Protein chains: 2
Amino acid sequence: MKTKHIFAAALTLMVAAGAKAQVKPEDAIDYRQSVMNVVGHAFGPMISMVQGKIPYNKDVVVKNSNVIDTIIDLPWASFAPGTEKGAPTKASLKIWSESEKFKELADKAQQAAVNLGKAVKGGDEKTIKTTLGDLGKSCKSCHDDFKLKEARN
Amino acid sequence: MKTKHIFAAALTLMVAAGAKAQVKPEDAIDYRQSVMNVVGHAFGPMISMVQGKIPYNKDVVVKNSNVIDTIIDLPWASFAPGTEKGAPTKASLKIWSESEKFKELADKAQQAAVNLGKAVKGGDEKTIKTTLGDLGKSCKSCHDDFKLKEARN
């Protein structure tokens, strides 16, 4: 699937999944925070392996990269217009005022997760670590622009 | 993998993943709630399809069942001793006083997710709906015993 189509596909799936036209903003915020929390927990130990802080563990990399690859597309649709506020959130308002750029960075992160999944299937530790680094950079790139340091209401 | 081994495998993975011996209880609570939230969001539209409330959508079932199958094992290890309280939680204290029963029901839910995944791969809508119903019953069975109706501190 081409990168540019992933975001659209995710949106289509979410809509088809029965997402209501008017999701409560607090529920959307809670959901996207939950997904990001799970992604972060999966990523944390892997980046510690890349940094040499903990030993490389293939089983963990297989499991955790699969978690990320499987769920990283879930939150995008929950940044729909109307969900800018409603609960404490670190989502910058730029997500909605610069939505094209946000989509672009979200797609890049998603593609980085796909690349990691391919590398894990390939099994070469060096390639896996490179793609993990790329994924980390991609996440950071989006967070730098669109994630606030402190939650706002 | 045999059902009885799944819980142990999940624990092993979490430990290997670099989980600290002393995870902050509030972080463990936040994490397990996040995973359950994502599982619930994936399950919701599928059970609505089984109940005929929304049309059956194969793409959504493939996607959402994969999400559940991939992450349903994640929360168990975050119910470790010492994480009984620390933030508002609906986790009953029976999880820790009747941990064997909790593990058994958690394993059953996990096996139900595996069965759903197999049914989805098989592609027969009737079998998929049956396994979805079984997964729902399995989740409910555990929630009835171990999830409080109101959050406690």
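S.K.: Explanation requested: the interface of chain B and chain A in the structure shown.
M.R.: In many reports, interface size means the accessible area that the parts give up when they come together. Counting residues at the interface gives 24 residues for chain B and 23 residues for chain A. Summed over both sides, the interface of chain B with chain A buries roughly 2000 Å², with 69% coming from carbon and sulfur. Contact with chain A buries surface across chain B, with B:Val38, B:Lys63 and B:Thr70 losing the most and accounting together for 25% of the total. Residue B:Lys63 is joined to A:Asp73 by a salt bridge in which the shortest nitrogen-to-oxygen separation is 2.8 Å. One can count eight residue pairs in polar contact (both at pLDDT 80 or more) joining chain B with chain A. When residues of the side of chain B that touches chain A are traced back to their parent elements, those giving at least two are helix H1 (3–16), helix H2 (25–50) and helix H3 (58–71) of chain B.

S.K.: Even after reading the chapter, I still don't get the packing of aromatic side chains, so can you show me in this structure?
M.R.: How two aromatic rings sit relative to each other is given by the distance of their centres and the angle of their planes. All names here are of chain A. The tally for this structure, following the rule as stated, stands at eight aromatic pairs over all chains. Taking the centre distance of 6.2 Å and the plane angle of 55 degrees together, the rings of Phe 79 and Trp 96 count as tilted. Here the residue Phe 79 occupies a position in the loop between helix H3 (58–71) and strand S1 (89–91), and Trp 96 occupies one in helix H4 (residues 94–97), the gap between them amounting to 17 residues. An identical accessibility class is assigned to Phe 79 and Trp 96; each is buried. Ring pairs connect the aromatic residues Trp 76, Phe 79, Trp 96, Phe 102 and Phe 146, which therefore count as one cluster.

S.K.: Mind showing me how you'd approach the packing of H3(A) against H3(B) here?
M.R.: Packed helix pairs are specified by the crossing angle of their axes together with the interaxial distance, meaning the distance between the axes. Between H3(A) and H3(B), the shortest axis-to-axis distance is 10 Å and the interhelical angle comes to 150 degrees. Comparing the axis directions of H3(A) and H3(B) gives the class roughly antiparallel. Here H3(A) and H3(B) pass one another in a crossing that is left-handed. The segment H3(A) lies against H3(B), with A:Lys63, A:Asn66, A:Val67, A:Thr70 and A:Ile71 engaging B:Lys63, B:Asn66, B:Val67, B:Thr70 and B:Ile71. In terms of residue class, the contact of H3(A) with H3(B) is built from four nonpolar, four polar and two charged.

S.K.: Would you mind going over the pattern of salt bridges with me for this structure?
M.R.: When their charged atoms lie close together, side chains carrying opposite charge are able to pair. Residues and elements named next belong to chain A. According to the stated counting rule, one finds 12 salt bridges over all chains in the structure shown. The closest approach of N and O atoms between Asp 144 and Lys 140, which form a salt bridge, is 2.8 Å. Of this pair, Asp 144 and Lys 140 are both found in helix H6 (residues 125–146), four residues apart, which corresponds to roughly one turn of the helix.

S.K.: Looking at this model, I keep getting lost on helix H5 (residues 99–122) of chain B. Mind explaining?
M.R.: Owing to its 3.6 residues per turn, the α-helix brings residues three or four apart onto one side. Between its first and last C-alpha, H5(B) extends 34 Å over 24 residues, near the 34 Å set by a 1.5 Å rise per residue. One or two steps after H5(B), the chain reaches B:Gly123, where phi turns positive at roughly 90 degrees.

S.K.: Sorry if this is basic, but what is going on with the nonpolar core here?
M.R.: The nonpolar side chains of soluble globular proteins are, as a tendency, buried together. Membership of the largest hydrophobic core comes to 71 residues, with the highest contact counts inside it found for A:Ile68, A:Ile71, A:Leu135, B:Ile68, B:Ile71 and B:Leu135. Not counting residues within four places of it along the chain, the set of residues in contact with A:Leu135 comprises A:Phe43, A:Ile68, A:Ile72, A:Ala109, A:Ala112, A:Ala113 and A:Leu116.

S.K.: Help me understand the packing of helix H2 (residues 25–50) of chain A against H2(B) in this model?
M.R.: The N-to-C vectors of H2(A) and H2(B) enclose an angle of 115 degrees; their axes lie 8 Å apart at closest approach. Here the hand of the crossing between H2(A) and H2(B) comes out left-handed. Contact with H2(A), carried on its side by A:Asp30, A:Tyr31, A:Ser34, A:Val35, A:Asn37, A:Val38 and A:His41, involves B:Asp30, B:Tyr31, B:Ser34, B:Val35, B:Asn37, B:Val38 and B:His41 of H2(B) and no other residues of that element. Per-class residue counts for the contact of H2(A) with H2(B) are six nonpolar, six polar and two charged.

The rules behind the values
- Residues numbered from 1 in each chain as written.
- Chains lettered and ligands numbered in written order.
- Predicted model: local features only at pLDDT ≥ 70, side-chain atom pairs only at ≥ 80, totals over all residues.
- Heavy atoms only, no water.
- Contact = heavy atoms within 4.5 Å.
- Buried area = accessible area lost by both parts, 1.4 Å probe.
- Salt bridge = Lys/Arg side-chain N within 4 Å of Asp/Glu carboxyl O.
- Polar contact = N/O pair within 3.5 Å; in protein donor to acceptor, adjacent residues only side chain to side chain.
- Helix = DSSP H or I, 4+ residues; strand = E, 2+ residues; numbered from the N terminus.
- Phe/Tyr/Trp six-rings, centres within 6.5 Å; stacked < 30°, edge-to-face > 60°.
- Buried < 20%, exposed > 50% of the residue type's maximum accessible area, 1.4 Å probe, protein only.
- Axes fitted to C-alpha atoms, helices over the stretch in contact; angles between N-to-C directions.
- Parallel < 35°, antiparallel > 145°, perpendicular 65-115°, else oblique.
- Left-handed = near helix turned anticlockwise from the far one by under 90°.
- Nonpolar A, V, L, I, M, F, W, Y, C, P; charged D, E, K, R; others polar.
- Expected span 1.5 Å × (residues − 1).
- Core = buried A, V, L, I, M, F, W, Y, C linked by side-chain atoms within 4.5 Å.

Geometric values such as these leave the question of function open.
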